[in-house]
Structure formats: structure tokens, C-alpha cells
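# Secondary and tertiary structure notes
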Amino acid sequence: EIAFSLENLNLERDTIKEKILAVSQLLEIKDILEEEPHTLSAENKQLVALASVLVLEPPIIILDSGLNKLDSLQRDKILGIIRNLHLMKNTTIIHVTNDVEDVLFGDEIVFINKGRLAIQGKTNEVLERKDIFDAAHMQRPFVVELSERLEFYGLIDKTYYDIDKLVNDVWK
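Residues numbered from 1 in each chain as written. Predicted model: local features only at pLDDT ≥ 70, side-chain atom pairs only at ≥ 80, totals over all residues. Heavy atoms only, no water.

### Digging into the packing of helix H7 (residues 142-152) against helix H8 (residues 163-170)
Where H7 meets H8, the axes come as close as 10 Å, and the angle between the chain directions of the two elements is 25 degrees. Taken together, the axis directions place H7 and H8 in an arrangement best described as roughly parallel. Viewed along their axes, H7 and H8 form a crossing whose handedness is left-handed. Contacts between H7 and H8 involve Phe-142, Val-143, Leu-146, Ser-147 and Leu-150 from the former and Ile-163, Leu-166 and Val-170 from the latter. Grouping the constituent residues of the contact of H7 with H8 by class yields seven nonpolar, one polar and no charged. (Axes fitted to C-alpha atoms, helices over the stretch in contact; angles between N-to-C directions. Helix = DSSP H or I, 4+ residues; strand = E, 2+ residues; numbered from the N terminus. Parallel < 35°, antiparallel > 145°, perpendicular 65-115°, else oblique. Left-handed = near helix turned anticlockwise from the far one by under 90°. Contact = heavy atoms within 4.5 Å. Nonpolar A, V, L, I, M, F, W, Y, C, P; charged D, E, K, R; others polar.)

Set out below in C-alpha cells:
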């Protein structure tokens, strides 16, 4: 499945193997490479589909709820990998999601409510706009809500967008 697009590009077999090995290591799916796609779990099918895209090294990747079958730990790990691709290779990532926690991995948010643009901007600027989320009957990411409550009680002095940084600063 992962090799299909590379074969269509008439790449050398050794090049195809190298690219597949690199992506499978990145996504930690080496153990399922020899499996037939129809025998894979829904989670592994999503990882194979993602690998099929990543192996091509496109300048733009669009994920349309492409990680919704992954558990939260694996989804966060994959989002971190994709974020690193953006940072290291300047790959543009467009991630369409209904999971507000996913927005923490992005540089910019385009918030659509009832088919209309509600707000667009840098992640931290959009997440500061509680009124926009309230109007859409949505909560902001947990770490943002928690840090604002801790800030209200004088326990911290800023809003956090990374739970690990919040925990480290609170426990100092």
C-alpha cells in the first residue's frame, strides 16, 4: 500500500525500500509492513494511509479528521511528528478537526462556526478569545482553561498552551 505511489513514480526499488523504512520507523509501523491492508485494525489503516502520504514528502499535507481513529496518546504523538515535519522541512499542514485539543499543535487556527468564519489568527490569539468559543458552545483546550483558572487564583501569571510546561512551572 505504501509503495504504490512510489512505484507509480517509477522510483528505483532500493529508493522505495529506503523511503518506506524511514516512514515506517517514524510512525513505528515496521511490524505491520508485511500485513495485508484489509487485515489491519482501523487504527493501523489510518497509520498506513498517513505513511502513504508522508512517503511522498509533499509540500502540503491536508488531514481531514485523519487521526480520529487513533487513541489520544498515539494521536498526540503523530501530531508531534507532523509538527516536526512542518518545522524541519517547512511542510504546510492543514488539519481539519473537531477536536479542540488538536489546535494546540498548530501555528494558526481558522475557526469555522455554523459554516462561517468566526475567527482566524495565531493559535494563542484565537485561544484567548473565550467569547468566540462560548458563542460556538465549545470549550477551549483543557490546558488553556486550567491555566486561566490557576491564573485567576494567583497561582501562575500567564496562560499556557502546553500542559507539560504548565505542570513544570506549577511544581517549581
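There is more to say, and it comes next.
### Quick word on unusual backbone geometry
It is generally the case that most residues other than glycine have a negative phi and that most peptide bonds are trans. One non-glycine residue, Glu-28, lies in positive phi territory at about 55 degrees. Mapped onto the elements of the fold, Glu-28 is located in the loop between helix H2 (13-27) and helix H3 (42-54). Positive phi, close to 55 degrees, is recorded for Lys-114, a residue that is not glycine.

### Comments concerning the pairing of strand E4 (residues 116-122)
Note that strand E3 (residues 108-113) and E4 share six bridges and pair antiparallel. Bridge pairing in E4 places Ile-112 opposite Leu-117. Joining the antiparallel neighbours E3 and E4 is a turn of two residues, in which Lys-114 adopts a positive phi near 55 degrees. (Pairing = 2+ DSSP bridges.)

### Quick word on the side chain of Arg-140
Mapped onto the secondary structure, Arg-140 falls in the loop between helix H6 (130-135) and H7. Arg-140 sits in the buried class, given a relative accessible area of 2%. A distance of 2.8 Å separates the side chain of Arg-140 from the backbone oxygen of Leu-127, its partner in a polar contact. Contact partners of Arg-140, with chain neighbours within four places excluded, come to Val-100, Glu-101, Leu-127, Glu-128, Lys-130, Phe-133, Glu-145 and Glu-148. (Buried < 20%, exposed > 50% of the residue type's maximum accessible area, 1.4 Å probe, protein only. Polar contact = N/O pair within 3.5 Å; in protein donor to acceptor, adjacent residues only side chain to side chain.)

### So, the environment of Gln-25
By the element assignment, Gln-25 lies in helix H2. A sequence separation of 112 residues divides Gln-25 from His-137, and the C-alpha atoms of the two residues are 40 Å apart.

### Examining a negative patch on the surface
A cluster of acidic residues, Asp-31, Glu-34, Glu-35 and Glu-36, forms a negative patch on the protein surface. By the element assignment, Glu-35 lies in the loop between H2 and H3. With a relative accessible area of 42%, Glu-35 lands in the partly exposed category. (Patch = residues over 30% accessible without salt bridge, like charges linked within 9 Å, V, L, I, M, F, W, Y side chains within 5 Å. Areas by Shrake-Rupley, 256 points an atom, 1.4 Å probe, with all protein chains shown as cover. Salt bridge = Lys/Arg side-chain N within 4 Å of Asp/Glu carboxyl O. Lys, Arg positive; Asp, Glu negative; His and termini not counted. Charge placed at Lys NZ, Arg CZ, Asp CG, Glu CD.)

### Digging into the packing of aromatic side chains
Scanning the model with the defined rule gives two aromatic pairs in all. Plain terms: the ring middles of Phe-111 and Phe-133 are 5.0 Å apart, the flat faces sit at 85 degrees to each other, and that makes the pair edge-to-face. On the criterion of sequence distance, the pair formed by Phe-111 in strand E3 and Phe-133 in helix H6 is long-range, its members being 22 residues apart. Each of the two residues, Phe-111 as well as Phe-133, counts as buried. (Phe/Tyr/Trp six-rings, centres within 6.5 Å; stacked < 30°, edge-to-face > 60°.)

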